[in-house]
Amino acid sequence: MVDTVIIGGGTAGMTAAIYLLRAGKKALILESTALGGQITASARIENFPGLLGVSGVEYADRLAEQVYEFGGMIEPVEVNGAEKTAEGFLVRTTDGDEYEAKSLILATGAAHRHLGVAREEELAGVSYCAVCDGAFYKNKKVAVVGGGNAAVQSALSLAELCESVTLIHRREGFRAEPVLMERMKRVPNITIRTGGVVSGLLGEQKLAGLELQFGEQRETLEVDGLFVAIGQQPNNEPFKALVALDEAGYILAGEDCKTTCEGVFAAGDCRVKQIRQLATAAGDGAVSGLAAGAYLDSLED
Ligand SMILES: Cc1cc2nc3c(=O)[nH]c(=O)nc-3n(C[C@H](O)[C@H](O)[C@H](O)COP(=O)(O)OP(=O)(O)OC[C@H]3O[C@@H](n4cnc5c(N)ncnc54)[C@H](O)[C@@H]3O)c2cc1C
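Residues numbered from 1 in each chain as written. Predicted model: local features only at pLDDT ≥ 70, side-chain atom pairs only at ≥ 80, totals over all residues.

### Concerning the overall build of the chain
Then comes step 1: Along the chain, the regular secondary structure elements total 6 helices and 17 strands.
Then comes step 2: At 21 Å, the chain has a C-alpha radius of gyration in line with the 19 Å of a compact globule built from 301 residues.
Then comes step 3: With the principal axes as the frame, the chain shows a C-alpha extent of 65 × 35 × 35 Å.
Then comes step 4: The contacts in the chain between residues at least 6 apart in sequence include a share of 61% that link residues at least 24 apart. (Helix = DSSP H or I, 4+ residues; strand = E, 2+ residues; numbered from the N terminus. Rg over C-alpha atoms; globule rule 2.2 N^0.38 Å. Contact = placed C-beta atoms within 7 Å.)

### Some points on the sheet that holds strand β10 (residues 164-169)
Then comes step 1: Read across the open sheet, the 5 strands follow the order β8-β15-β9-β10-β11; overall the sheet is parallel. Whereas interior strands pair on both sides, the edge strands pair on one side only; in this sheet they are β8 (126-127) and β11 (190-194).
Then comes step 2: Summarising the sheet, β8 and strand β15 (residues 225-228) pair through 2 bridges and their orientation is parallel. Note that in β15 the partner of Val126 across the bridge is Leu226.
Then comes step 3: Each of β9 (141-145), β10, β11 and β15 is contacted by helix α4 (residues 149-159), which is oriented at about 170° to β9, the strand it contacts most. (Pairing = 2+ DSSP bridges. Axes fitted to C-alpha atoms, helices over the stretch in contact; angles between N-to-C directions.)

### Some thoughts on the packing of α4 against helix α5 (residues 178-185)
Then comes step 1: Following both chains from N to C, one finds α4 and α5 inclined at 30°, their axes separated by 10 Å at the closest point. The pairing of α4 with α5 is recorded here as roughly parallel in orientation. Remark: the crossing between α4 and α5 carries left-handed chirality. Facing α4, whose interface residues are Asn149, Val152, Gln153, Ala155 and Leu156, α5 presents Leu180, Met181, Arg183 and Met184.
Then comes step 2: Its residues assigned to classes, the contact of α4 with α5 shows 6 nonpolar, 2 polar and 1 charged. (Parallel < 35°, antiparallel > 145°, perpendicular 65-115°, else oblique. Left-handed = near helix turned anticlockwise from the far one by under 90°. Nonpolar A, V, L, I, M, F, W, Y, C, P; charged D, E, K, R; others polar.)

### A closer look at the sheet that holds strand β13 (residues 209-214)
Then comes step 1: The sheet built from 3 strands is open, its strands ordered β12-β13-β14 with antiparallel pairing. Both outer strands of the open sheet, β12 (197-202) and β14 (217-222), are each paired with one neighbouring strand and no more. Geometrically, the sheet is characterised by an average inter-axis angle of 25° between neighbouring strands, direction not taken into account.
Then comes step 2: Direction of pairing for β13 relative to β14: antiparallel, over a ladder of 6 bridges. In the sheet register, Glu211 faces β14, and the bridge partner there is Thr220.

### What about unusual backbone geometry?
Then comes step 1: In this structure, Arg119 is a non-glycine residue whose phi angle is positive, near 70°.
Then comes step 2: Checked against the element boundaries, Arg119 lands in the loop between β7 (110-112) and β8.
Then comes step 3: For Arg119, a count of 14 C-beta atoms within 10 Å translates into the label partly exposed.
Then comes step 4: Its identity is not glycine, yet Cys257 carries a phi of approximately 65°, on the positive side.
Then comes step 5: For Cys257, a count of 28 C-beta atoms within 10 Å corresponds to the buried category. (Buried ≥ 20, exposed ≤ 12 C-beta atoms within 10 Å, placed from the backbone.)

### Overview of the domain arrangement of the chain
Then comes step 1: Under the domain assignment used here, the chain contains domain 1 (2-111 + 232-300) and domain 2 (126-228).
Then comes step 2: In this structure, domain 1 and domain 2 have C-alpha centres spaced 33 Å apart. (Domains from an automatic or database assignment.)

### A few points about the nonpolar core
Then comes step 1: Counting residues in each nonpolar core, the largest one holds 48 residues, and the members touching the most others are Ala17 and Leu106.
Then comes step 2: If you tally residues by element for this core, the top one is helix α1 (residues 11-22), at 8 residues. (Core = buried A, V, L, I, M, F, W, Y, C linked by C-beta atoms within 7 Å.)

### As for the environment of Gly146
Then comes step 1: As for its position among the elements, Gly146 is in the loop between β9 and α4.
Then comes step 2: Classification of Gly146 by C-beta neighbours within 10 Å gives buried; the count is 25.
Then comes step 3: Counting along the chain gives 43 residues from Gly146 to Asn189, while the straight-line C-alpha distance between them is 17 Å.
Then comes step 4: Beyond its immediate stretch of four places on either side in the chain, Gly146 contacts Ala151, His169, Ala229 and Ile230.

### Overview of helix α2 (residues 56-69)
Then comes step 1: The end-to-end C-alpha separation of α2 is 20 Å, in line with the 20 Å expected for 14 residues at 1.5 Å each.
Then comes step 2: Along α2, the positions that sit buried rather than exposed are Gly56, Ala60, Leu63 and Val67. Mapping the buried residues of α2 onto a view down its axis gives an arc of 60°, with all of them on the same face. Away from its buried face, by an angle of more than 90 degrees, α2 presents the exposed residues Glu65 and Glu69.
Then comes step 3: Of the surrounding secondary structure, the elements contacted by the buried residues of α2 are α1, β2 (27-30) and β3 (73-75).
Then comes step 4: Trailing α2 by a residue or two, Gly71 shows a phi angle of about 90°, which is positive. (Expected span 1.5 Å × (residues − 1). Arc of directions from axis to C-beta.)

As structure tokens, then:
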């Protein structure tokens, strides 16, 4: 039995491991795909303190090196369930393996919903995060897809940097808060287009424009960047019987990272929170690592 099994080897999970290991606890990370998590898809990080310009993969490698330096263990497995037992917790994987732990940290992150158009994953110039990538499009033409707060906030922040922003929404009505809508309507370089979808991406290796479909009518729009803001999907399905989730599937845990199940902590993008970024995931990693350490100490009292 290990002290803490950490599910997810992104920024939150690896930071939690570093804190636990440095406190003398045994921590095991279970990671299903790429160590480092979502950020491995980013070519350049510019807003994480002290790491200007490194790639997502380089950043992830450095984090993993730090985990190994302190004696952390990492297993490449996908977790499909976890339950409370008399001794602690039992974690199951899709390969049929089981791991026992005295405490758990859930750090499974979230995935951005994709549009589902051809070449979306291949073309440079398609982003899912205006906060992360907006600065690369200074004085350029961009489009944003979506109708919620995230899409409108993305359009507003991009409008401060970019020559023009076209907001494309498939419905006539927006889900975004009225105050944001009013603000957006006053910004001269934002054009709102409703009732249409992005049906194709133009350009060879780099995005050069969009093919848009408005009912029967098809048109093209020249843009340098496309920001997809149609929501995120948290990876919390395997834990819905263990901890409480909100309606969107995020784990109900506050700044203390404590979930509804004692001994289980949630860190990073997988929990209910306003800002999902590397810095906030790292913050949660520290808080959850220290909280799990205190919980482990309390078991010995
Ligand atoms: C393209 C892109 C660019 C970005 N750029 C920036 C940026 O420049 N600056 C910034 O601050 N933020 C950026 N972000 C956001 C940032 O990456 C996230 O906020 C951060 O990665 C969250 O960290 P996390 O550890 O909570 O989750 P994640 O990074 O999502 O890590 C979760 C990990 O858990 C694993 N996992 C999930 N389910 C299971 C399971 N059942 N079993 C085992 N493992 C599992 C996943 O494989 C993943 O590796 C970007 C995001 C994207 C997608």
